[in-house]
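Notes for the structure review
Chain by chain, the residues run as shown.
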Amino acid sequence: MAVFCTRVDVPLSEGVDMADISAEVARAVEESGIRNGVVSLFVEGSTGSLTTIEYEPGVAKDLKRAINRLAPPGEDYEHEKAWHDGNGHSHVQAALLGPSLCMAVRGGKVAAGTWQQAVVVNHDVRKRTRRVHVTVIGE
Amino acid sequence: MAVFCTRVDVPLSEGVDMADISAEVARAVEESGIRNGVVSLFVEGSTGSLTTIEYEPGVAKDLKRAINRLAPPGEDYEHEKAWHDGNGHSHVQAALLGPSLCMAVRGGKVAAGTWQQAVVVNHDVRKRTRRVHVTVIGE
Amino acid sequence: MAVFCTRVDVPLSEGVDMADISAEVARAVEESGIRNGVVSLFVEGSTGSLTTIEYEPGVAKDLKRAINRLAPPGEDYEHEKAWHDGNGHSHVQAALLGPSLCMAVRGGKVAAGTWQQAVVVNHDVRKRTRRVHVTVIGE
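Criteria and cut-off values
Residues numbered from 1 in each chain as written. Chains lettered and ligands numbered in written order. Predicted model: local features only at pLDDT ≥ 70, side-chain atom pairs only at ≥ 80, totals over all residues. Heavy atoms only, no water. Helix = DSSP H or I, 4+ residues; strand = E, 2+ residues; numbered from the N terminus. Rg over C-alpha atoms; globule rule 2.2 N^0.38 Å. Least-squares fit on C-alpha atoms with pLDDT ≥ 70 in both. Contact = heavy atoms within 4.5 Å. Buried area = accessible area lost by both parts, 1.4 Å probe. Salt bridge = Lys/Arg side-chain N within 4 Å of Asp/Glu carboxyl O. Polar contact = N/O pair within 3.5 Å; in protein donor to acceptor, adjacent residues only side chain to side chain. Nonpolar A, V, L, I, M, F, W, Y, C, P; charged D, E, K, R; others polar. Axes fitted to C-alpha atoms, helices over the stretch in contact; angles between N-to-C directions. Parallel < 35°, antiparallel > 145°, perpendicular 65-115°, else oblique. Left-handed = near helix turned anticlockwise from the far one by under 90°. 1 Å grid on protein atoms, 1.4 Å probe; cavity = no way out; pocket = protein on both sides within 12 Å on 5 of 7 lines; lining within 4 Å. Points joined across faces, edges and corners; volume = space filled by probe spheres on them. Phe/Tyr/Trp six-rings, centres within 6.5 Å; stacked < 30°, edge-to-face > 60°. Lys NZ or Arg CZ within 6 Å of the ring centre and 35° of its normal. Pairing = 2+ DSSP bridges.

1. Some remarks on the overall build of chain A
Scanning chain A from terminus to terminus reveals four helices and eight strands. The linear arrangement of helices and strands in chain A, starting from the amino end, is β-β-α-β-β-α-α-α-β-β-β-β. Here the C-alpha atoms of chain A give a radius of gyration of 16 Å, agreeing with the 14 Å that 2.2 N^0.38 yields for 139 residues. If one aligns the C-alpha atoms of chain A with their principal axes, the spans along those axes are about 50 × 30 × 20 Å.

2. Observations concerning the relation of the copies chain C and chain A
When chain C is fitted to chain A, the best match, at an RMSD of 0.0 Å, comes from turning it 120 degrees and sliding it 0.0 Å along the axis. Taken together, the rotation and translation describe the operation of a three-fold axis. The C-alpha atom lying nearest the rotation axis in chain C is that of Met1(C); the distance is 3.8 Å. Take the interface residues of chain C: only 9% of them recur as interface residues in chain A, which is what a contact between different surfaces looks like.

3. As for the relation of the copies chain B and chain A
Note that the two copies of the chain are related through a rotation about an axis and a translation along the same axis. With an RMSD of 0.0 Å, the fit of chain B onto chain A corresponds to turning through 120 degrees and sliding 0.0 Å along the axis. Little of the interface of chain B is mirrored in chain A, where only 9% of its interface residues again form contacts.

4. Thoughts on the interface of chain B and chain A
Listed by partner, the interface residues are 32 residues for chain B and 33 residues for chain A. Taking both partners together, chain B and chain A bury about 2500 Å²; carbon and sulfur atoms supply 61% of that area. Taken together, chain B and chain A are joined by two salt bridges. Between Glu75(B) and Arg65(A) there is a salt bridge, and its shortest N-O distance comes to 3.4 Å. Counting every contact that joins chain B to chain A gives 16 residue pairs in polar contact (both at pLDDT 80 or more). Counting only elements with at least two residues in the side of chain B that touches chain A, the list comes to strand S1 (2-12), strand S3 (37-43), helix H3 (78-83), helix H4 (88-97) and strand S8 (128-138) of chain B. Across the side of chain B that touches chain A, the residue classes tally to 18 nonpolar, ten polar and four charged.

5. Observations regarding the packing of helix H2 (residues 57-70) of chain A against H4(B)
One can describe the packing of H2(A) onto H4(B) by two numbers: an axis separation of 9 Å at closest approach and a directional angle of 55 degrees. Comparing their axes, H4(B) and H2(A) come out oblique. Seen from above, H2(A) lies across H4(B) with right-handed handedness. Mapping the contact onto sequence places Val59(A), Asp62(A), Leu63(A), Ala66(A), Ile67(A) and Leu70(A) in H2(A) and His91(B), Val92(B), Ala95(B) and Leu96(B) in H4(B). Among the residues making up the contact of H2(A) with H4(B), the classes are represented as eight nonpolar, one polar and one charged.

6. Section: the layout of surface pockets
Empty space within the largest pocket amounts to approximately 400 Å³. If you trace the largest pocket, you find 21 residues lining it, with Trp115(B), Ser46(C), Thr47(C), Asp124(C) and Arg128(C) closest to the centre. For the lining of the largest pocket, the element with the most residues is strand S8 (residues 128-138) of chain C, which contributes four residues.

7. A look at the packing of aromatic side chains
By the definition in use, this model includes zero aromatic pairs over all chains. When the ring centre of Tyr77(A) is taken as reference, the NZ or CZ atom of Arg65(C) above it lies at 5.4 Å.

8. Describing the sheet that holds strand S8 (residues 128-138) of chain A
All names here are of chain A. Pairing is antiparallel in the open sheet, where five strands are placed in the order S1-S8-S3-S5-S6. Of all strands in the sheet, those bounded by a partner on one side alone are strand S1 (2-12) and strand S6 (109-110). Across eleven bridges, S1 lies against S8 in antiparallel orientation. Residue Val10 lies in a different strand from S8, and its bridge partner there is Arg130. Here helix H1 (residues 22-32) sits on the sheet and contacts S1, strand S3 (37-43), strand S5 (100-106), S6 and S8; the angle it forms with S1, its principal contact strand, is near 155 degrees.

9. Considerations on the sheet that holds strand S5 (residues 100-106) of chain C
Residue and element names in this part refer to chain C. Strands sit in the order S1-S8-S3-S5-S6 across an open sheet of five strands; the sheet is antiparallel. Only two strands of the sheet have a single partner each, and these edge strands are strand S1 (2-12) and strand S6 (109-110). Summarising the sheet, strand S3 (residues 37-43) and S5 pair through six bridges and their orientation is antiparallel. Its bridge partner being in S5, Val39 is matched across the sheet by Met103.

10. A look at empty space enclosed by the protein
Applying the stated criterion across every chain yields a total of three cavities of 30 Å³ or more. By volume, the largest cavity is sized at about 330 Å³.

Okay, here's the thing in structure tokens:
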């Protein structure tokens, strides 16, 4: 049994923006030498999130629209009344999607579908470099 | 410390459809011989998801309705314009729910509530056998 | 490699109510002696959930409102027709948010953002002490 830790820093535009980090995750698994176990991803910060999608421009747009419907940018937010940083909706969106994702590792590869990519999402109203912590655990 | 890997293949009807996989997860934990740690579940494919519910017909129906409200089947999706496979909403629904679930293992059992079952969801517009990778880690 | 298991019991008011459990999680990581790996959280029961937020009263209120929009308390639920316990919406809300959260541990600390707290949510219609299982894995 072993654990391997690394991280990926992903520059993203103002939200909702997202990027495919599957190649970076695959590289971490390879570097770890771990054949069977899990790769756990965690995004630092309360206005980022993680999930998997078929990463093509259509799905990305559809998902952004759905996310903006969960917590629309134009509404009144209590967070704004105290902090005035314009990102009340970003906090709610990120909390609903969640900051963690845990994928299976089998035979030294991530056991995801061919059309299933790991994505990190920036919900904030300004450009952010989102830091994703990658932990591979197994043997 | 040890890791135990297996998988469960679950035939499901066109989405939103779901099945209780708690018995299969319990069996994997038992087979692993691991007493304390976690059992990590990951569904392969970008139109499947995992969560826990009280698995009874009423909650299942209520959850389906809420999922179809997050990304309604009848709307226009950008994914459709390029791919014409009718499952634009399926991709969005699955991304919002998420493909992973990680439950605690204590004393050789999954530490879930009595009325809390692990379920795999098919969001796709056709029947799919959803593959769930099960990884037990602990000692 | 080692695994460390503990739990946190959090008394919460009727839902949507939530509490910051970051201090308890940090203490578990410290007690474990594990420097690098993950801390996995799992809430027992089908009307509780876990996520991270910037824990301040504004965001908490905004998130509660968004959660109540996902599955409004006032609607008709199939779960009610059989069980009459008034918490049909609670089940749906909890299933959409999800019962698990897995955070990175680096240098003996949880690698969360400064303004990113782990929270446990009670969605039930009555006071509940939510039990969160905490599993630290790493070395």
